[in-house]
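Read off the chains here:
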Amino acid sequence: MAQQTQKVNPQFANGNFIEEVRIVIMEDTAQVAATKKEMEDFYKAFFIKPRTIFNPLITDLAISRINEENNVKNAYYEIYESESGSGSVGRSVSIQIYVELTSGEETATKAKGLFSREGKDFPLLYESGQAQFKFLVNAGLGFYNDENALFAQGEAFTQGNPIADDPADEDTRFWMETFVEPGISGISKLGNSNIYWYGEASVLASARNTSDIYSSGSAGHIDVERLYTGFLITGLGKNKDITLNANYGRNFFQLNDGFLFSRYSGSSNAGPRGSVYSSSRTTYQKNGNLSIQWGKFRLSGHFLEPQELFKDKQQNTNYTIGTFNFNNNKNLDAAISYIATTGGKAKYATPNGAIQKKGIYVINPKLWLTNIAETGLFFKSEYAYQSHTQEDMQSYAWYAGLGYSFKNIATNPSIYYRYAFMKGDDANTEDYERFDPILTGGLGNWVQGLNFRKVLGNGNIVSHRIELTSWVSKRMSLSVDYFYLQANQLNNLGGLPPISSLKNKELGHEASVTLKGLLKDHFTFLGVVSYGIPGKGLNEAFIEKTPNWLTVQAAVFINL
């Protein structure tokens, strides 16, 4: 049997979309898949189904409740990356649940945890069919080496950047970053109701040992990371198929695959926080979510405010999002989102002066198809129309990607091509037309070139991307990414100062190789080599040489 996808640590997948749920029932030596009715009953009992957000708290409690059944000897689950998709980090996930039945009577399951079994279940504090409380511990250690970072034009590219007191030049930068995040998480069913309370709290300390590509010397920072609470109500409605989920606080968020909002753009990590490459902080400082799931339909609303770097210079830009989604739990995922910038002091540079970001809105339809006609073919596309309630601004962006997953080959290789367009501003028109990519990001998804992203951002870009992915061992996958980047317009006002006006639309090429996988169940390795070659658009912006940029990165993450 071909190995299907890469196993992922549940904490590493926290906040990712669920693409598929499978339940395998084991009795003696037989293994059978759950029936359609059993799957529907599971969906109704728990908020765990395709196109919802994976939350280890909710899934752990579901497994605990299954283990309490008299005819269940053992139940557990594993997380895998989706069988079809793109991106080396943060892909949708599949949940595989294993339920081992017993042939005889079993005694009632006893509570587990440090408070009930003499410390044998660390990091579990307490678990029963009604509640679970446990320690969470996340940590990371990364080593980073850059040659000719910022294409050896660090001073020019970082003009006005308050953290860039030692920008890279034509040199080598090697440094280490580390972080540790201890905390506590809990979920509890309220009596005999279908209401669950849940929440998490953690503190994150991060540090680097010496200069990175922007800032000089060592740095360290400690602050609150996760701090949220919420409630979940299942089994509502006549058919018991309506679920309501609400939460608020400092938490993760991602819209689709990060085209407009990425979980990796929720917080700043550079400068004094000492985590510019490891991106240890990812929670939004204000994050309110309300979703109603009704069968195959989901209606959700979100309020977001990202965490900024300096508390005394806060722009407090915030966003309100409404999304209506349909997913047939097979191969179709369609949605439309309305996004409004509803507050804050941030401004957007235009040829006629700065305009307020407050008032920008986006209409964002999405269509994703997986395993088309049972062939392994998959398709992903989104469109974003952007305008302003008070200013003469109209723009748009879109992408379309087509891929194929070779499911019958043991190493499960896949190939993916994506064309992406983010409009630039035509200086000859009255309306301002440069697309604002809001909080896009995500390694292998909307970091369009690991090196180029740091000088180009994502506005005024036309990109061609080819991704090849395959297993290299039972635990490790290898991805090769190639980006060809062009500008839509020569007028690039809104980009970094040296390239605010271009003489040529060719921006450059970048190739990346990513090795990722579980070293052991709680240890994840991520290694990246990326090589950026500047095109004529960058070369002609400088008198001096703009050499190629090589970065080599290796990190290990621990998730308990």
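The structure reproduced in this document is the subject of the present report. (Residues numbered from 1 in each chain as written. Predicted model: local features only at pLDDT ≥ 70, side-chain atom pairs only at ≥ 80, totals over all residues. Heavy atoms only, no water.)

## What about the overall build of the protein chain?
Helix and strand content of the protein chain: five helices and 26 strands. Taken against the 2.2 N^0.38 rule, which gives 24 Å for 560 residues, the C-alpha radius of gyration of the protein chain at 24 Å falls within 12% of a compact globule. When the backbone C-alpha atoms are referred to their principal axes, the protein chain occupies close to 80 × 50 × 45 Å. Burial status across the protein chain gives 57% buried among its 560 residues. Sequence-distant contacts in the protein chain: of pairs separated by 6 or more residues, those separated by 24 or more amount to 64%. Carbon together with sulfur atoms contributes 57% to the accessible area of the protein chain, which is approximately 23,500 Å² in total. Taken together, the 52 basic and 56 acidic charged side chains of the protein chain have centroids lying 4 Å from each other. (Helix = DSSP H or I, 4+ residues; strand = E, 2+ residues; numbered from the N terminus. Rg over C-alpha atoms; globule rule 2.2 N^0.38 Å. Buried < 20%, exposed > 50% of the residue type's maximum accessible area, 1.4 Å probe, protein only. Contact = heavy atoms within 4.5 Å. Areas by Shrake-Rupley, 256 points an atom, 1.4 Å probe, with all protein chains shown as cover. Lys, Arg positive; Asp, Glu negative; His and termini not counted. Charge placed at Lys NZ, Arg CZ, Asp CG, Glu CD.)

## Thoughts on the packing of aromatic side chains
As enumerated under the stated definition, the model contains 26 aromatic pairs in all. Seen in terms of ring centroids, Y144 and W175 are 5.7 Å apart; in terms of plane orientation they differ by 35°. Their pairing is tilted. Within this pair, whereas Y144 is found in strand β7 (residues 131–147), its partner W175 is found in strand β8 (residues 172–189), the two being separated by 31 residues in sequence. A relative accessible area of 2% places Y144 in the buried class. A network of ring pairs unites the aromatic residues F253, F261, Y284 and Y319 as a single cluster. (Phe/Tyr/Trp six-rings, centres within 6.5 Å; stacked < 30°, edge-to-face > 60°.)

## Some thoughts on the pairing of strand β9 (residues 195–208)
As defined by bridge partners, β8 adjoins β9 across 11 bridges and the pair is classed as antiparallel. Pairing of V180 across the sheet is with A205, part of β9. Here β8 folds back onto β9, and the loop between the two strands holds five residues, one of which, G191, carries a positive phi near 60°. Strand direction decides the pairing type here: β9 and strand β10 (residues 219–236), joined by 13 bridges, are antiparallel. The residue of β10 that forms the bridge with G199 is T229. (Pairing = 2+ DSSP bridges.)

## Things to note about the side chain of N488
Among the secondary structure elements, N488 is positioned in the loop between β23 (476–486) and β24 (506–520). According to the relative accessible area criterion, N488 is buried, its value standing at 13%. Excluding residues within four positions of it along the chain, N488 makes contact with F421, M422, K423, G424, N460, V462 and K505.

## Describing the sheet that holds strand β5 (residues 93–101)
Read from one edge to the other, the open sheet built from five strands follows the order β1-β4-β5-β2-β3, with strand pairing classed as mixed. Edge positions in the sheet fall to β1 (7–8) and β3 (30–33), since each of these pairs with one other strand and no more. Here strand β2 (residues 18–27) runs beside β5; their pairing, made up of eight bridges, is parallel. Across the sheet, residue V21 finds its bridge partner in β5, namely I95. In this fold helix α1 (residues 36–45) packs onto β2 and β5, with an angle of close to 120° to the strand it touches most, β2. Against the sheet, helix α2 (residues 56–67) touches β4 (72–81) and β5, its axis set at about 155° to β4. (Axes fitted to C-alpha atoms, helices over the stretch in contact; angles between N-to-C directions.)

## Concerning empty space enclosed by the protein
Here the structure, examined in full by the defined rule, presents nine cavities of 30 Å³ or more. There is about 500 Å³ of room inside the largest cavity. Taken together, 32 residues line the largest cavity, and the ones lying closest to its centre are I53, N247, F253, N289 and H302. Taken together, the elements giving at least two residues each to the lining of the largest cavity come down to β9, β11 (242–251), β12 (284–294), β13 (297–305), β14 (318–327) and β15 (332–343). For the lining of the largest cavity, the class distribution of residues is 11 nonpolar, 16 polar and five charged. (1 Å grid on protein atoms, 1.4 Å probe; cavity = no way out; pocket = protein on both sides within 12 Å on 5 of 7 lines; lining within 4 Å. Points joined across faces, edges and corners; volume = space filled by probe spheres on them. Nonpolar A, V, L, I, M, F, W, Y, C, P; charged D, E, K, R; others polar.)

## Considerations on the environment of N491
Positionally, N491 belongs in the loop between β23 and β24. Taking C-alpha positions, N491 is 27 Å from I466, a pair spaced 25 residues apart along the chain. Polar contacts involving the side chain of N491 include one to the main-chain amide nitrogen of L493, which spans 3.4 Å. (Polar contact = N/O pair within 3.5 Å; in protein donor to acceptor, adjacent residues only side chain to side chain.)

## So, the environment of E68
Counting through the fold element by element, E68 comes out in the loop between α2 and β4. On the basis of relative accessible area, E68 is assigned to the partly exposed category, the value being 38%. Put simply, E68 and V32 are 36 residues apart on the chain and 21 Å apart in space, counted from C-alpha to C-alpha.

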